[in-house]
Amino acid sequence: MTDYLPEYDQLKQMADEELDRAYIPYSHFPVGAALLTSDGQIFQGCNIENAAFGSTMCAERTAIFSAVAAGHQKFEALVVSGKTNGAIAPCGACRQVMAEWFEKDMPIFLTNTHGKVLQTDLAHLLPDSFIELT
Ligand SMILES: O=c1ccn([C@H]2C[C@H](O)[C@@H](CO)O2)c(=O)[nH]1
Ligand SMILES: [Zn+2]
């Protein structure tokens, strides 16, 4: 089961809302995300694809970069949602970006639209991560 987070239902609803905003002419694979800042704001993200496929931006990074661009650098929780059979799984690039901004134990809820919820964190998604030049 998952730890109780008062904002979870709102985050999940806002992540799901982004599934309809995803720009996915190539993969037809929508992903939505909602990110809670330490001061209680929520930033949404969807995947935004590009004809040059490598220029595509994932839902998770859209949410993180949107929050950082608005002046937020401390985060409490992330919910990601996909129309997948199991829980959505963030790509490697997103895990590396998460490592830059999230504490290792910050709750990350990987979900789908069928009721699956997997609670995890960066300690599990990206162990032994490269986070600074030392
Ligand atoms: O966690 C994920 C996994 C995939 N995608 C996007 C990238 C691409 O647009 C499409 C297929 O990989 O899904 C995300 O946004 N987040
Ligand atoms: Zn990604």
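Along each chain, the written sequence defines residue order, and numbers are assigned to residues from 1. Note on labels: chains are lettered from A, ligands numbered from 1, in written order. Only residues with pLDDT of at least 70 are given local features in this predicted model, and only at 80 or more are side-chain atom pairs given and counted; all residues enter the totals for whole chains, interfaces and linings.

Which entries qualify depends on this criterion: UniProt positions are given in the numbering used here, feature names are shortened, and annotations may be inferred rather than shown by experiment.
For the protein, the name recorded in an unreviewed UniProt entry is Cytidine deaminase, with Oenococcus kitaharae DSM 17330 as its organism. Under Function (unreviewed entry), UniProt gives the following word-for-word description of the protein: "This enzyme scavenges exogenous and endogenous cytidine and 2'-deoxycytidine for UMP synthesis." Per UniProt, the protein carries the Cofactor (unreviewed entry) text "Zn(2+)".

## Here's the deal with the overall build of the protein
Put simply, the test is: We count a stretch as a helix when DSSP gives it H or I for four or more residues in a row; a strand needs E for two or more, and each element gets its number in order from the N terminus. Here the globule rule reads 2.2 Å times residues to the power 0.38, and the radius of gyration is calculated from C-alpha atoms. Three exposure classes are used. Buried residues have 20 or more other C-beta atoms within 10 Å of their own C-beta, exposed residues have 12 or fewer, and partly exposed residues fall in between, all C-beta atoms being placed from the backbone.
For the protein, the helix and strand inventory stands at four helices and five strands. Helices and strands appear in the protein in the N-to-C order α-β-β-α-β-α-β-β-α. What you see for the protein is a C-alpha radius of gyration of 14 Å, in line with the 14 Å of a compact globule of 134 residues. Counting only C-alpha atoms and orienting by the principal axes, one finds that the protein spans roughly 40 × 35 × 30 Å. Burial statistics for the protein: of 134 residues in total, 32% are counted as buried.

## Points about the environment of Cys-46
The following threshold applies: With C-beta atoms placed from the backbone, a contact is any residue pair whose C-beta atoms sit within 7 Å.
Inspection of the secondary structure assignment puts Cys-46 in strand β2 (residues 42-46). When the C-alpha positions of Cys-46 and Gly-82 are compared, they lie 10 Å apart, and in sequence the two are 36 residues distant. Excluding residues that lie within four positions of it along the chain, Cys-46 makes contacts with Glu-18, Arg-21, Ala-22, Pro-30, Val-31, Gly-32, Ala-59 and Thr-62.

## Here's the deal with the site of ligand 1
What counts here: In this text, near has one meaning. A residue is near a molecule or strand if its C-beta atom, placed using the backbone, is within 6 Å of it. Charged means Asp, Glu, Lys or Arg here, nonpolar means Ala, Val, Leu, Ile, Met, Phe, Trp, Tyr, Cys or Pro, and polar covers whatever is left, Gly included.
In the neighbourhood of ligand 1, 14 residues make up the surrounding shell, with Ser-27, Val-31, Asn-47, Cys-58 and Ala-59 lying closest. Class assignment of the residues belonging to the shell around ligand 1 gives a composition of nine nonpolar, three polar and two charged.

## Considerations on the pairing of strand β4 (residues 108-112)
The criterion, for reference: Should DSSP find at least two bridges between two strands, the strands are taken to pair. For crossovers, right-handed means that the path from the first strand over the helix to the second runs clockwise, given strands pointing away from the viewer.
The buried fraction of β4 amounts to four of the five residues, a majority that puts the element mostly inside the structure. Of the strand pairs in this sheet, strand β3 (residues 75-82) and β4 are connected by five bridges, and their pairing is parallel. Bridged to Ser-81 within β4 is Thr-111. As a crossover connection, the stretch from β3 through helix α3 (residues 92-101) into β4 is right-handed. Across four bridges, the pairing between β4 and strand β5 (residues 117-120) is antiparallel. Directly across from Leu-110, in β5, lies its bridge partner Leu-118.

## Observations concerning the environment of Pro-30
Within the secondary structure, Pro-30 sits in the loop between α1 (8-17) and β1 (31-37). Judged by local crowding, Pro-30 falls into the buried class, with 20 C-beta atoms found within 10 Å. Considering only alpha carbons, one finds Pro-30 and Asn-47, 17 residues apart in sequence, at a separation of 6.7 Å. For Pro-30, the residues in contact, after removing those within four places along its chain, are Leu-19, Ala-22, Ile-24, Cys-46, Asn-47 and Lys-83.

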